[in-house]
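Residue-level structure breakdown
Below are the chains, spelled out letter by letter.
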Amino acid sequence: MRVRIGLLVGCAALALIACGKKEKAAKATPGVVPAEIVHVATAGVDAAAIVNADANPGEWLSHGRTYAEERYSPLGQINRGTVKELALAWSYDLGVSRGIEATPIVRDGLIYVTSTWNIVHALDARTGALKWTFDPQTDRSVGASLCCDAVNRGVAIWGDKIYTGTLDGRLIALDAKTGAKVFDVLTVDRAAPYSITGAPRIVKGKVIIGNGGAELGVRGYVSAYDAETGKMIWRFYTVPGDPSKPFETPVLAEAAKTWSGEWWKIGGGGTVWDSMAYDPGLDLLYIGVGNGSPWNQAIRSPGGGDNLFLSSIVALRPDTGEYAWHYQTTPGETWDYTATQHLVLADITIDGAARRVIMQAPKNGFFYVIDRTDGKLISAKNFVPVNWASGIDPATGRPVEIPEARWPGKAPHLQLPGPLGAHNWQPMSMSRETGLVYIPAQEVPLMYGDQAKFEYTPGRWNTGANLLLGSLPTDEAVQKAVRAMIKGRLIAWDPVKQEARWSVEHKGPWNGGLLSSAGGLVFQGTADAHFAAYDAATGAELWKQPTQTGVMAAPIAYEIDGEQYVAVAAGWGGAYGLLAGGLLTTGSAPNVGRVLVYKLGGTAKLPDLIQFTPVHVPAPETSATPETIAAGMQVYADHCAVCHGDHALSYGSVPNLRQSALLGDAELWGEVVVGGAKASAGMPDFSGAFDAQTAEAVRAYVIDARKNGLQPITDAP
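Values in this document were obtained by computation on a predicted structure and should not be read as measured data. (Residues numbered from 1 in each chain as written. Predicted model: local features only at pLDDT ≥ 70, side-chain atom pairs only at ≥ 80, totals over all residues. Heavy atoms only, no water.)

Here the focus is the overall build of the protein chain. When helices and strands are counted, the protein chain shows nine helices and 40 strands. The C-alpha atoms of the protein chain give a radius of gyration of 24 Å, which matches the 27 Å a tight globule of 717 residues would have. Projected onto the principal axes, the alpha-carbon positions of the protein chain cover approximately 75 × 60 × 50 Å. A total of 717 residues make up the protein chain; the buried ones form 65% of that total. Across the protein chain, contacts joining residues at least 24 apart in sequence account for 63% of those joining residues at least 6 apart. When the accessible surface of the protein chain is split by element, carbon and sulfur atoms take 53% of a total near 24,400 Å². (Helix = DSSP H or I, 4+ residues; strand = E, 2+ residues; numbered from the N terminus. Rg over C-alpha atoms; globule rule 2.2 N^0.38 Å. Buried < 20%, exposed > 50% of the residue type's maximum accessible area, 1.4 Å probe, protein only. Contact = heavy atoms within 4.5 Å. Areas by Shrake-Rupley, 256 points an atom, 1.4 Å probe, with all protein chains shown as cover.)

Take the nonpolar core next. With 97 residues, the main nonpolar core has Trp-90, Tyr-112, Val-222, Ile-287, Phe-523 and Tyr-558 as its most contacted residues. Take this core: its biggest share by element is six residues, from strand E39 (residues 563-570). Setting aside its immediate chain neighbours within four residues, Ile-287 contacts Val-222, Thr-238, Val-272, Ser-275, Met-276, Ser-312, Ile-313, Val-314, Leu-316 and Leu-343. (Core = buried A, V, L, I, M, F, W, Y, C linked by side-chain atoms within 4.5 Å.)

In this section: the sheet that holds strand E30 (residues 437-443). Judged by pairing direction, the sheet is antiparallel, and its four strands sit side by side in the order E29-E30-E32-E33 without closing on themselves. Edge positions in the open sheet fall to strand E29 (429-430) and strand E33 (499-506), since each of these has one partner strand only. Note: E29 against E30, two bridges, orientation antiparallel. Along E30, the bridge assignment pairs Ser-429 with Tyr-438. (Pairing = 2+ DSSP bridges.)

What follows deals with the packing of helix H6 (residues 626-639) against helix H9 (residues 692-708). Each pair of packed helices can be described by the angle between their axes along with the distance between the axes. It is at 7 Å that the axes of H6 and H9 come closest, and there the two elements cross at 100 degrees. On the basis of the axis angle, H6 is roughly perpendicular to H9. Between H6 and H9, the contacting residues are Thr-628, Ile-629, Gly-632, Met-633, Val-635 and Tyr-636 on the first element and Thr-694, Ala-697, Val-698, Ala-700, Tyr-701, Val-702 and Asp-704 on the second. Classifying every residue of the contact of H6 with H9 gives nine nonpolar, three polar and one charged. (Axes fitted to C-alpha atoms, helices over the stretch in contact; angles between N-to-C directions. Parallel < 35°, antiparallel > 145°, perpendicular 65-115°, else oblique. Nonpolar A, V, L, I, M, F, W, Y, C, P; charged D, E, K, R; others polar.)

Right, let's talk about the pairing of E39 for a bit. Within E39, seven of the eight residues are buried, leaving the element largely enclosed by the surrounding structure. Pairing between strand E38 (residues 556-560) and E39: five bridges, direction antiparallel. Of the residues in E39, the one forming a bridge with Ala-557 is Val-566. As paired elements, E39 and strand E40 (residues 594-600) share five bridges and run antiparallel to each other. Bridging from a neighbouring strand, Ala-567 pairs with Val-597 of E40.

For the rest of this paragraph, the subject is the confidence of the model for the protein chain. Summing up the model confidence of the protein chain, the mean pLDDT is 91 and the portion of residues at 70 or higher is 93%. Across residues 1-38, where pLDDT falls below 50, the model places 92 contacts with residues more than four positions away in sequence or in other chains. (pLDDT = per-residue confidence, 0-100.)

Our next topic: the state of the cysteines. What the rule picks out here adds up to one disulfide. Across the disulfide from Cys-147 sits Cys-148; the S-S distance is 1.9 Å. Judged by relative accessible area, which is 22%, Cys-147 ranks as partly exposed. Left without a disulfide partner, Cys-640 is nearest to the cysteine sulfur of Cys-643, which lies 8.9 Å away. Residue Cys-643 stays outside any disulfide, its sulfur separated by 8.6 Å from that of Cys-148, the closest cysteine. (Disulfide = S-S within 2.5 Å.)

Evaluated as defined, the whole model comprises 37 salt bridges. With a closest N to O distance of 2.9 Å, Glu-70 and Arg-432 form a salt bridge. One end of the pair, Glu-70, is in the loop between helix H1 (47-51) and strand E2 (72-73); the other, Arg-432, is in the loop between E29 and E30, and 362 residues separate them in sequence. Of the two residues, Glu-70 and Arg-432, both sit in the buried class. Residues Lys-161 and Glu-228 are paired through a salt bridge, measuring 3.1 Å at the closest nitrogen-oxygen approach. Of this pair, Lys-161 sits in strand E9 (residues 161-165) while Glu-228 is found in the loop between strand E14 (221-226) and strand E15 (232-237), placing the two residues 67 residues apart along the sequence. A relative accessible area of 7% means that Lys-161 is categorised as buried. (Salt bridge = Lys/Arg side-chain N within 4 Å of Asp/Glu carboxyl O.)

The following block contains the structure:
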């Protein structure tokens, strides 16, 4: 197999391949951006710098290093032969206690990284010395509007500015040298539960940013802002709005034909909360679109339909936001099967023909190879076990669904993958040396079933699914069977043959993103607090070091003064960490967030962990009836478990309700839960979702869970 990726995307002879039809793409020379699509920044990083990233492999200028997002480093000083000498060069404590998901950016000897609540740090890339910090003073009351922790995935750089999106919906530009704020613009309607967790991308002088919030009932879109002024240039909505009003674009009028009911009153979903890629030769921007809101299609679109553009890859013209094509991975989405996962562009040979492809391993468990010129499916194969579809029809590109899996209105269905996906936001990587795509895969099932008496509550979780069904059962035999289904692995996937070349089993799911390199290595951090290097060709583990805290983010590589470094931001949390981290323990220390940087012959040591002595709060009493406790358990599952953990066991980055001092005081409990007393700290005010009596039922459930519920399971898979 012959593979050419990265700076060659859309360039040279590949730009002339018609793939069976004429193209509008401009002709190009290898390594040169076509003049008509160059947007030169006022200083520093511009389109040519990103497209020609291999001319300066020592820096990391874009989220995936190149516009193709392959997350491959051409640096080879650290390789199969030398990696055993790799050791910590320096570390920097981010001073936070929530999940860390950021990809660092490296430019002019500085490394830029974000921590919890969008705080931006600029560090000396040689030593880790702090140059500046910018705190955007994110409104922490938006904790009520967050799906999956107070996380974000990093910054972007263009010209002499750094750009970051905030959890309260702002796009901020900073001076790259000083951290001084240049502009601060609001990208969302703050009356709706939008948030931003994704890293911006910058194409032709336009900062591209989406948002999240589909679980809570929003309408998705992606926007482009002028990198110099912050002025919005265009906006593309991913689902149609109220059909009684004019549609923003003609394509939305067509999309509306795939919906039914009154979806616009309950959001619709389709948020663009993570992955994007750009082909400068075709001049196409690719975005990944998220799940429906609510998940339950029988509520969202009771007449069925594909519900475009949910769970789709959509190609847009970056100058105008004009629609070019789409491919929908999960028509009629009803399982939280987003297509927001990492997108990778590559030029590969299939059946003797050179093909320009876009690849994705979304939540639904299938690996897709798609012609990126027109969105036509080339091939698809499941990369983990799935039981919602038997395959993808090569003629139609549609999944062949298993009828029992379409759960709305039917019996509950235990399904793989569950809403955490076969692959979540953690980036995959593609090696130019092996032609393999490396996937941080997982198996985490969920029992899907209808939520009884669903009522839409603006600004709160509105899945339409009975989330209590997903709680780990207390029956020991059933629990053992479910736990045996929970797995995590690193898969080396051949995108031409659509098969695994090798895989590495991890102790559990929710492991870190990936980096491949010219040194023949693949780097990945894991949930059980380690960072390792594997042989890219065989999967053999060649190097491993403890990190104290679980690693979710993807590593990068850079070089200064002829010396190569590998860096990763470490900090356990996110959706799985909050929901299951307290119950299925991983050995990851809480309250740790760091940048870890390694080099050959490094001599630094990790700081000692701060040991916290838990304050034991006497167990309160409750006279609640079993019926009240059961009602509180259901409400807890629907509204509280996503942050405070299954069975009221939290990981440690948020308060452990079983040991909360509020648990013994019904009045204070009510002031926090339905009175908003802790809103400024990120604790939602649930007064719009339920009343004080229901809050008291939740308290009764937590008291009962403390006395009678499951305890942390230390031998988790």
